[in-house]
Amino acid sequence: MDTEVNPVRAPASIFALHGKSVAIAGATGNVGEGVVRTLLRAGAKVFALTRSEDRFERLARLLEGERTENLTGIAGDTSTLSGMSSLAAKIAAEHGPIDHAVVALGQWWQGKRVWEVPEEDFQRYFLDTMVLHFAAARALAPLVEEGGSYTVLAGLSAVTPLPGASLVGMQGAAHLMLARELQADAGERLRVNSLVLGFVRSRGRTSGKPSWLTADDVGHLVLRLAASRVAGRQIRADVKEVAERSLKELGL
Ligand SMILES: NC(=O)c1ccc[n+]([C@@H]2O[C@H](COP(=O)([O-])OP(=O)(O)OC[C@H]3O[C@@H](n4cnc5c(N)ncnc54)[C@H](OP(=O)(O)O)[C@@H]3O)[C@@H](O)[C@H]2O)c1
């Protein structure tokens, strides 16, 4: 249990998404879990898109005791544009348009210099992951109600080169640019923002510095952005203090 005073969490906004619907791609992941938990606690109805029913079941078990009656798994092929569109169509059929979308997709990769990268790593960690992001944007953006939000999670590796991490760096930079393109295409219909995160403490990394964000903190950042009028911003959230400063600069 996180008992420290945590400025990232603004009590006033906790109910801002009560009764709102949110689709999350990457909900089953380390960070996604915290975003889902926060949104469920805030009273939102959450649709978790995933490539596997089993991974959804595992997420539901991790969230036992939360309002999981408001959590729906939407499982199927997330790896193609048409597959992701079919999942979005399922949400539309079950629920209709949604209020907000969140993208917490990704996978870490490191350990090889550019000239050592095998073809299969390039395919899997750069090209295939980019397809996931593009497919999510293409399928979910049209599903979001006018004035709703689309929030993308990225890591510092997307903006700062790290030795041996070219594939995740390039991939992160590409999906940050995709968020900007999406905002340009959506105009005022949709508010697209990205959060550039430092290390996150989660079930995948249980220890770390107190200054690091937790996965639930990331959920609160997502919630505050979704509930705001902020649009088209790339928001630095290296650690809690930086995240809070960034939100203050945005008037949140
Ligand atoms: N963890 C951190 O410390 C950290 C720090 C900074 C930024 N971030 C950012 O936060 C986002 C999520 O990170 P994470 O650590 O939560 O990621 P993760 O747990 O490794 O994966 C997140 C989700 O992405 C989907 N995914 C991953 N690889 C896939 C593949 N090959 N094919 C299809 N789906 C795949 C999975 O969804 P399904 O299995 O449900 O389909 C998975 O649950 C990323 O953009 C990352 O850059 C994370």
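No experiment lies behind these values; they were computed from the predicted model shown. Every chain is numbered on its own, with residues counted from 1 as its sequence reads. Local features in a predicted model are, by the rule used here, given only for residues with pLDDT of at least 70; side-chain atom pairs are given and counted only at 80 or more, and totals for whole chains, interfaces and linings are based on all residues.

### Here's the deal with helix α5 (residues 166-186)
Applicable threshold: Each helix is a run of H or I in the DSSP string that is no shorter than four residues. Each strand is a run of E no shorter than two, and both are numbered from the N terminus. Expected helix span is computed as 1.5 Å times (number of residues minus one). Any residue with 12 or fewer other C-beta atoms within 10 Å of its own C-beta is exposed, any with 20 or more is buried, and the rest are partly exposed; the C-beta atoms used are placed from the backbone. Two residues form a contact once the distance between their C-beta atoms, set from the backbone, is within 7 Å.
Between the first and last C-alpha of α5 there are 30 Å, a value that for 21 residues agrees with the 30 Å anticipated at 1.5 Å per step. Along α5, the positions that sit buried rather than exposed are S166, L167, V168, G169, Q171, G172, H175, L178, A179, L182, Q183 and A186. On its buried face, α5 sits against α4 (119-140), β5 (144-155) and β6 (190-197). Phi for G187, located one or two positions after α5, is positive at around 55 degrees.

### A few points about the sheet that holds strand β3 (residues 71-75)
The strands making up a sheet are joined through hydrogen bonds of the backbone, oriented either antiparallel or parallel. The criterion, for reference: Strand pairing requires that DSSP identify at least two bridges connecting the strands. Each axis is a line fitted through C-alpha atoms, taken for helices only over the stretch in contact, and angles between the N-to-C directions span 0 to 180 degrees.
Strand order in the open sheet formed by seven strands is β3-β2-β1-β4-β5-β6-β9, and the pairing between neighbours is parallel. Two strands close off the open sheet at either side, each with one partner strand: β3 and β9 (234-237). Averaged over all neighbouring strand pairs, the angle between strand axes comes to 20 degrees, with direction disregarded. The pairing of strand β1 (residues 21-25) with strand β4 (residues 98-103) spans four bridges and is parallel. Paired with A23 across the bridge in β4 is A101.

### As for the site of the ligand
Let me state the cut-off plainly: Only the C-beta atom, placed from the backbone, is used; a residue is near a molecule or strand if that atom lies within 6 Å of it. Any residue outside Ala, Val, Leu, Ile, Met, Phe, Trp, Tyr, Cys, Pro, Asp, Glu, Lys and Arg is labelled polar, Gly included; the first ten of those are nonpolar and the last four are charged.
Around the ligand, the surrounding shell holds 27 residues, and the nearest of these are G29, V31, T50, G106 and G155. Looking at the shell around the ligand, the elements with two or more residues in it are α1 (30-41), α4 and β5. The residue inventory of the shell around the ligand, partitioned by class, reads nine nonpolar, 14 polar and four charged.

### Quick word on the packing of α1 against helix α6 (residues 215-226)
The relative placement of two packed helices is expressed as an angle between their axes plus a distance between the axes. Quick note on the threshold: Angle categories: roughly parallel below 35 degrees, roughly antiparallel above 145, roughly perpendicular from 65 to 115, and oblique for all the rest. Helix crossings are classified by the rotation of the near helix relative to the far one: an anticlockwise turn of less than a right angle makes the crossing left-handed, while a clockwise turn makes it right-handed.
Running from amino to carboxyl end, α1 crosses α6 at an angle of 55 degrees, the nearest separation of the two axes being 7 Å. Taken together, the axes of α1 and α6 are oblique relative to one another. For the pair α1 and α6, the crossing hand works out as right-handed. Residues N30, V31, E33, G34, V35, R37, T38 and L39 of α1 touch α6, and the partners they reach there are A215, D216, V218, G219, H220, V222 and L223. Class assignment for the residues of the contact of α1 with α6 results in seven nonpolar, five polar and three charged.

### A word on the nonpolar core
Stated formally: By definition, a nonpolar core groups buried Ala, Val, Leu, Ile, Met, Phe, Trp, Tyr and Cys residues that connect through C-beta atoms lying within 7 Å of each other.
Core analysis: the largest hydrophobic core is formed by 68 residues, its most contacted members being I24, A48, L140 and V218. Per-element accounting of this core gives the leading share, seven residues, to α6. Excluding anything up to four places from it in sequence, L140 contacts A23, A25, A88, A101 and Y150. Formed by five residues, the second largest nonpolar core is a distinct cluster that contains W109, A165, L167 and V168.

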